[in-house]
Amino acid sequence: MKEVATTCPYCGVGCGVLATTDGTQIISVRGDPNHPANFGKLCSKGSALHLTARPDDRLTAPQVRPTKAAPLESVSWDSALDFAVNQFVEIINTCGADSVAFYGSGQLLTEDYYALNKLARAVVGTNNLDTNSRLCMSSTVAGYKATLGADAVPTCYEDVDHADLVFIAGSNTAWAHPVLYRRLESSVKKPRVIVIDPRRTETAAQADLHLPILPGTDVPLFHAMLHWLIWEEHIDRPFIDAHTEGFAELRQLVREASPSVVARICGVPEKDIITAAQWWAESGNVLSLYCQGLNQSVSGTAKNTALIALHLATKQIGRAGAGPFSLTGQPNAMGGREVGALANLLPGHREASNADHRDEVARLWGIPTIPETPGKTAVEMFDALERGEIKAIWIACTNPAHSMPDLTRIHAALRKAQCVVVQEAFASSETIAFADVVLPATTWGEKSGTVTNSERRITRVTAALPPLGDSKPDWEIFCAAGLRFEKALHPQRASVMQFPNPQALWEEHRAMTAGRDLDITGLSYEILASDGPQQWPYTTASTARLYTDFKFSTANGKAKFVATPYRATADKTSNAYPFALTTGRMRDHWHSMTRTGRNAHAFGHESAPQVWMHKDDMTRRAIPADAWVRVRSARGSIVVKVLAHESLRSGQVYLPMHWGQSFLVGQHNLGINTLMPAAFCPSSKQPELKHAAVKIEVVKISWSCASFVSIPAAQIEAMRGKFLQHASALTAAYAIPIAGEASGIWFEAVAETPPDAAWHATLDAVIGDGETANLEYADSNRIDARKLWLQDDALVAARLTGAPYASESAQWLREMMLTGLPIARVRKWLLAPRPPAAMIVASSPIVCACFGVKRSAISETLAAIDGAPQARLATLQTKLQCGTNCGSCLPELKRSVTEIPFTKIMAVMQ
Ligand code: SF4
């Protein structure tokens, strides 16, 4: 056994992880106590990493689809790479280098990115290289560059300890960046917290002030705050005069944006806008934390620049506890930007549109030129694929068939492509279905290199395991492909893709940063190993904060105010589409769930695809609780369950972003992003994944099915695929892993027209693995039926179908299976339409993932605990242990203990 230092592959907090391995598998993980991002803490996602590091569902051999109609076939690496490169070269020779494209990921390591960038620009000769960071951080990049002159976060995590006011905008930090939120919760200074979010998220619920603005109205809100700060003379005029420019234009723009006017636009009280501005003015240090609520918007850059303007106008920057802190969504989105892995960038924070920068990079790379034609950004790239302008695409470590907006068009574009290469670790990625070539890549636990987290901190990542099967690290695949491209396209030229290991790539990247704002020429792999993670720039030492001398990265050293007027969301609500849909994260999941979806415990907190809706809207529209509804936008529709939720105002609905075809299928269910518009911010080209106008219609269900089967964890992924494949023609169906004493799959499906008997027979064959059921009830047409499979006095599988199926029975039976209880004593109830009331197991979400504590147990325990909230929390934790490990459930527990105990309500009522 040994412990290997790596990082968590999920959010941009970039927590250090120590993984214990026996050389064949990762046995456990713990937070690295010496890593400055987390000091030993991990959230519910990070602390379950070892549960996701299983070999099943991994891609372990290269595959090729010889013709579009043929299935994928396993081939050797040489054959797969030759096939892919030959297809690309043929297209390039006929139609030019810009007829191919490369699309990467914020989850690649910096070394992977560097090799990909060089492959695309230096070898293939196209700027058509973008990554899913375009969907995540490009508005931040554009905002920082427009105001402070460089794509550089000026702050660091330690600033949370020094802030007097933490201004959180468009971020459910408690769920999206949990370990940083833990740090905020435990800050000795106990800063005031303001949250700007259309929803009352867990972060908003804990805030001192929550402004639930209407979606997309952040710019007018920030303008109104600036208006008040100017009017009340709380701006720092000497600082503005000495260190900034452009203030007069912005002042002119916000002249009419009084809090009373803007209150109507934002849908929040005028007094709350004034309070927010007042707290900003009277706080010694103001730190803002922001994320996708600002970035994923048609006015993403304007939202960023308007918030940064508040910092500049009040000199809240360049010292401990103050500054605009963009929280990176993905673990290494910043590393990708460092090496220039976005269409508009070049290595070392250079610009692809700058001729001097292109010449400089060409010289450093030893090639004649860098192509001049601007590269296509993510949405533009897939549009060009759909038009046939781009004919081949190489996709690495990302899942655009799930994550891009307007999925119907994305799927059409991928189907139309002449060649789709997918470099991927997991077979469950929706994009695999479109692949002509599949290149199996290594993933977390098997990779070595570096990542950069939200605070510019570079960490060495060390592999704990060898590559699984025949998979290879991404950098190695890019280099191997690069050598083949060189041979075909530049046979006379010296190779630029000869790298023996990740360190060689990183050292070339390091050389490219000399003299740039992110200069790391003083850093080395050895220093990272001996001194731990370091923040750039690093010429002689790590740099915690930027602009402490108020010299900004612009040509004249002055920061810039940007005056951009308010622009509403791309979709407008209307009679046809009356609801404003926003999207976000589930607490324990990540992106398209290719990794977290392997951990059954991660579904304990939220276990079904549900659209959240205000209960008054449900009442007005006669939508029953738990109904299946069709959510429809101008672009398409999906069918999911509905959930009444108090976190939304009337007229708004919410969907988690994670549900794609790997978990949710149906006649039209391509995934949540089917609904979202492809409209993007004109400056950053980041699409508006946070808002769509939708309608909600109840689906008239005539048949439903609930089923589960007990199987070993290693077979769950394959079984999930079988269930969903069989259900794809139904109205809607989802399948998730479940776990208790046993592990298995839970499957639920609905249809407007019942499937026939043959469909049921095939499902039974899947469930029973060829064995007939041991107990059975069926009506005359065998559609309304209950079938159970038993083994040694234990329930191992069930299928309940009918109109509607007895949901309590399904829940009860599932608990029987998961706990492995002997069924002898309850045998007579097994086929009953409803179990006896005493046996009904109420479905209750698991709030504490570490100790499996359900919300029902928390409510019951709290009902018997009186006292102040802090004391109630302490007693609750002592009794149930919840919230005593990773702390991801603490915000929900804190909210729960402030609710009035049921006993007291009863006492008052009597
Ligand atoms: Fe991973 Fe959680 Fe840390 Fe983010 S906060 S890096 S998800 S452990």
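Each chain carries its own residue numbering, running from 1 in the written order of its sequence. Per-residue local features are limited, in this predicted model, to residues with pLDDT of at least 70; the limit for side-chain atom pairs, both in listing and counting, is 80 or more; totals at the level of whole chains, interfaces and linings are taken over all residues. In computing side-chain properties, one takes all heavy atoms of the structure into account and sets aside hydrogens as well as water.

Moving on, we get to unusual backbone geometry. Phi is mostly negative for residues that are not glycine, and the peptide bonds are mostly trans. Omega for the peptide link from W536 to P537 comes to -5°, which places this bond in the cis form. Each helix corresponds to a stretch of at least 4 residues labelled H or I by DSSP, and each strand to a stretch of at least 2 residues labelled E; elements are numbered beginning at the N terminus. Position of P537 among the secondary structure elements: in the loop between β21 (534-535) and β22 (559-560). In the Ramachandran plot, D57 falls in the positive-phi region, its phi being about 70° despite a non-glycine side chain. By the secondary structure assignment, D57 is in the loop between α1 (49-52) and β4 (63-64). We note that F550 has phi near 60°; this positive angle belongs to a residue other than glycine. Here F550 is to be found in the loop between β21 and β22. Partly exposed describes any residue whose relative accessible area lies between the buried limit of under 20% and the exposed limit of over 50%, with all areas from a 1.4 Å probe on protein chains only and scaled to the type maximum. The exposure class assigned to F550 is buried, which follows from its relative accessible area of 17%.

Another point: the sheet that holds strand β1 (residues 2-7). Reading across the sheet, the 3 strands line up as β1-β2-β3 and stay open at both edges, with antiparallel pairing between neighbours. Only two strands of the sheet have a single partner each, and these edge strands are β1 and β3 (26-31). Mean inter-strand twist for the sheet, computed between neighbouring axes without regard to direction, equals 30°. Between any two strands, at least two bridges found by DSSP are needed for them to pair. Pairing between strand β2 (residues 16-21) and β3: 5 bridges, direction antiparallel. The residue bridging L18 from the neighbouring strand is R30, located in β3. Axis lines are fitted through C-alpha atoms, for helices just across the contact stretch, and the angle between N-to-C directions can take any value from 0 to 180 degrees.

Our next topic: the packing of aromatic side chains. For Phe, Tyr and Trp, rings pair up if their centres lie within 6.5 Å, where Trp contributes its six-membered ring, and each pair is then called stacked (planes under 30 degrees apart), edge-to-face (over 60) or tilted (otherwise). By the definition in use, this model includes 24 aromatic pairs. Judged by centre distance (5.2 Å) and plane angle (75°), the rings of F167 and W280 are edge-to-face. One end of the pair, F167, is in strand β8 (residues 165-169); the other, W280, is in helix α13 (residues 270-282), and 113 residues separate them in sequence. Residue F167 shares its accessibility class with W280, and that shared class is buried. Ring geometry for W628 and Y734: centres 6.4 Å apart, planes at 40°, overall tilted. With a gap of 106 residues between them, W628 in strand β25 (residues 628-632) and Y734 in strand β31 (residues 732-739) connect regions that are remote in the sequence. Here W628 and Y734 have matching classes, each one buried.

Moving on: the side chain of H509. When you line up the elements, H509 lands in helix α22 (residues 502-512). Any two residues having at least one pair of non-hydrogen atoms within 4.5 Å are treated as being in contact. Setting aside residues no more than four positions away along its own chain, H509 makes contact with T110, Y114, E338, V339 and I520.

Let's shift gears to helix α15 (residues 300-313). By definition here, a helix of n residues has an expected span of 1.5 Å times n minus one. Here α15 contains 14 residues, and its C-alpha end-to-end distance of 20 Å stays within 8% of the 20 Å for a straight helix at 1.5 Å per residue. In terms of burial, α15 is a largely internal element, 14 of the 14 residues being buried. K315 sits one or two residues past α15 and shows a positive phi near 55°.

Summary of the distance rule: residues count as near a molecule or strand when at least one heavy atom falls within 4 Å of that molecule or strand. Close contacts around the ligand come from C8, Y10, C11, G14, C15, L42, C43, K45, G46, P178 and V179, and that covers them all. Amino acids are sorted into nonpolar (Ala, Val, Leu, Ile, Met, Phe, Trp, Tyr, Cys and Pro), charged (Asp, Glu, Lys and Arg) and polar (every other residue, Gly among them). A class-by-class count of the residues in the shell around the ligand yields 8 nonpolar, 2 polar and 1 charged.

The rule is simple: put a 1 Å grid over the protein atoms alone, call a set of points where a 1.4 Å probe fits but cannot get out a cavity, call an open set with protein on both sides within 12 Å along at least five of seven lines a pocket, and count a residue as lining if it has an atom within 4 Å of a point. Grid points are joined across faces, edges and corners, and a volume is the space filled by probe spheres set on the points. In this model, the second largest pocket occupies a volume close to 720 Å³. Along the walls of the second largest pocket sit 24 residues, with S428, A433, Q661, S662 and G721 positioned nearest its centre. Of all the elements in the fold, those that place two or more residues in the lining of the second largest pocket are α20 (407-416) and α25 (713-727). Residue contributions to the lining of the second largest pocket peak at 7 residues, all from α25. In terms of residue class, the lining of the second largest pocket is made up of 8 nonpolar, 10 polar and 6 charged.

So, on to the pattern of salt bridges. Here a salt bridge means any side-chain nitrogen of Lys or Arg lying within 4 Å of a carboxyl oxygen belonging to Asp or Glu. Applying the stated criterion across every chain yields a total of 45 salt bridges. We note a salt bridge from R58 to E446, for which the minimum N-O separation is 2.8 Å. Here R58, found in the loop between α1 and β4, pairs with E446, found in the loop between β18 (437-440) and β19 (449-452); they are 388 residues apart in sequence, far enough to count as distant. E446 gets classed as buried once you look at its relative accessible area, which sits at 9%. Taking the shortest distance from any N to any O, the salt bridge between E717 and R720 comes out at 3.2 Å. Remark: R720 and E717 occur in helix α25; sequence separation between them is 3 residues, near one turn of the helix. Accessibility assignment for this pair places E717 and R720 in one class, buried. The network of salt bridges with common partners includes D383, E386, D406 and R409.

A few words now on the sheet that holds strand β7 (residues 129-131). In spatial order, the strands read β5-β4-β18-β17-β16-β6-β7; together these 7 strands make up an open sheet with mixed pairing. Sheet topology places β5 (73-74) and β7 at the edges, where each strand pairs with a single neighbour. For strand β17 (residues 419-424) and β18, the ladder comprises 4 bridges, and the chain directions are parallel. By the bridge assignment, E424 is partnered in β18 with P440. Where helix α2 (residues 77-95) meets the sheet, it contacts β4, β6 (100-104), β16 (392-396), β17 and β18, and its direction lies at approximately 130° from that of β18. This element, helix α21 (residues 474-489), spans β16, β17 and β18 of the sheet and lies at about 155° to β16.

Quick look at the environment of C266 now. Relative to the helices and strands, C266 is located in helix α12 (residues 259-266). Accessibility expressed as a relative area gives 0% for C266, which makes it buried. Note: C-alpha distance between C266 and W590 (324 residues apart in sequence) is 30 Å. Excluding residues that lie within four positions of it along the chain, C266 makes contacts with P212, I213, L214, T217, P220, L221 and R649.

Mapped onto the secondary structure, R350 falls in strand β15 (residues 350-351). Residue class for R350 comes out buried when judged on its relative accessible area of 1%. Linking R350 and A464, residues 114 residues apart in sequence, is a C-alpha distance of 34 Å. When near neighbours in sequence (up to four residues on either side) are disregarded, R350 contacts N344, L345, H357, E360, V361, L364, M512, A514 and R516. Think of a polar contact as two N or O atoms within 3.5 Å of one another; within protein, one of them needs to be a possible hydrogen donor and the other a possible acceptor, and neighboring residues in sequence only count if both atoms come from side chains. A distance of 2.9 Å separates a polar atom in the side chain of R350 from the backbone oxygen of P347.

Moving on to the packing of helix α29 (residues 869-880) against helix α30 (residues 890-898). With their axes 9 Å apart at the nearest point, α29 and α30 run at an angle of 120° to one another. If you check the angle between α29 and α30, you find them oblique. Judged by the twist between their axes, the crossing of α29 over α30 is right-handed. Here P869, R872, L873, L876 and Q877 of α29 come into contact with α30, specifically with L890, L893, K894, S896, V897 and T898. Taken together, the residues that form the contact of α29 with α30 break down as 6 nonpolar, 3 polar and 2 charged. When an angle is under 35 degrees it counts as roughly parallel; over 145 it counts as roughly antiparallel; between 65 and 115 it counts as roughly perpendicular; any other value is oblique. We call a crossing left-handed when the near helix sits turned anticlockwise from the far one by less than a right angle, and right-handed when that turn is clockwise.

All right, on to α21 then. Between its first and last C-alpha, α21 extends 22 Å over 16 residues, near the 22 Å set by a 1.5 Å rise per residue. Along α21, the residues classified as buried are D474, W475, I477, F478, C479, A481, G482, F485, E486 and L489. Turning to α21, the residues buried within the fold contact α2, α3 (110-124), β16, β17, β18 and α22.

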